[in-house]
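Structural characterization, general
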Amino acid sequence: MKHDVTVFRPFPFFVGQKIRIEGSRRGGDWEIAAIGEHTVTLRCPVSKREFEWPTFCYLVEEEKGVAWPRRNE
């Protein structure tokens, strides 16, 4: 029997990458500061504070030519 299956894969981050997280307690604009075997360190582009978390992101979509960091409107 065949089924429709949704497949999730961890996103292959690279240092310096600019990302936007939506729908999460980590929501907002971030820069990838470091990548560990099981962790990713995110840097806030405004305060420059860094936070290390277990790898958690999955690709939903990529946006081209958008403002970053996004200003609250």
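Up top is the structure.
Residues numbered from 1 in each chain as written. Predicted model: local features only at pLDDT ≥ 70, side-chain atom pairs only at ≥ 80, totals over all residues. Heavy atoms only, no water.

Some points on the sheet that holds strand S1 (residues 18-21)
Put simply, the test is: DSSP-based pairing: two strands are paired if at least 2 bridges between them are found. Strands are runs of DSSP state E lasting at least two residues, helices are runs of H or I lasting at least four, and both sets are numbered from the N terminus onward. The convention used is that axes are lines fitted to C-alpha atoms, helices contributing only their stretch in contact, and that angles between N-to-C directions extend from 0 to 180 degrees.
What the four strands build is an open sheet, ordered S1-S2-S3-S4; its pairing is antiparallel. Edge positions in the sheet fall to S1 and strand S4 (50-54), since each of these pairs with one other strand and no more. For this sheet the average axis-to-axis angle between neighbouring strands, irrespective of direction, equals 45°. Note: S1 against strand S2 (residues 28-35), four bridges, orientation antiparallel. Looking across to S2, one finds that Ile 21 is bridged to Gly 28.

Quick notes on unusual backbone geometry
The phi angle of most residues is negative, glycine excepted, and most peptide bonds adopt the trans form. Quick reminder of the rule: Relative accessible area decides the class of each residue, using a 1.4 Å probe on protein chains only: under 20% of the type maximum gives buried, over 50% gives exposed, and in between gives partly exposed.
The residue after Trp 68, namely Pro 69, is reached through a cis peptide bond having omega -5°. One non-glycine residue, Lys 48, lies in the positive phi region at around 70°. A relative accessible area of 53% places Lys 48 in the exposed class.

A short note on the nonpolar core
The test is simple: Throughout this description, the term nonpolar core refers to a set of buried Ala, Val, Leu, Ile, Met, Phe, Trp, Tyr and Cys residues connected via side-chain atoms within 4.5 Å. Contact between two residues is taken to exist if any of their heavy atoms lie within 4.5 Å; hydrogens are not considered.
One finds Phe 11, Phe 13, Ile 19, Ile 21, Trp 30, Ile 32, Val 40, Leu 42, Cys 44, Trp 53 and Phe 56 forming the largest nonpolar core, which totals eleven residues. Of all the secondary-structure elements, those providing two or more residues to this core are S1, S2 and strand S3 (39-43). Beyond its immediate chain neighbours, meaning those up to four positions away, Cys 44 contacts Trp 30 and Arg 49.

Observations concerning the packing of aromatic side chains
How we decide: Note on aromatic pairs: the rings of Phe, Tyr and Trp (six-membered ring only in Trp) are paired at centre separations within 6.5 Å, and the planes decide the class, stacked below 30 degrees, edge-to-face beyond 60, tilted for the rest.
Evaluation of the coordinates by the stated rule reveals four aromatic pairs. Between the aromatic rings of Trp 30 and Trp 53, the centroid separation amounts to 5.7 Å while the plane-to-plane angle is 85°, which identifies the pairing as edge-to-face. Note that Trp 30 is positioned in strand S2 and Trp 53 in strand S4, a separation of 23 residues in sequence. An identical accessibility class is assigned to Trp 30 and Trp 53; each is buried. Measuring from centroid to centroid gives 5.6 Å for Phe 51 and Trp 53, while their planes differ by 10°, and the two rings are stacked. Phe 51 sits in the partly exposed class, given a relative accessible area of 26%. Chaining the aromatic ring pairs together yields one cluster made of Trp 30, Phe 51 and Trp 53.

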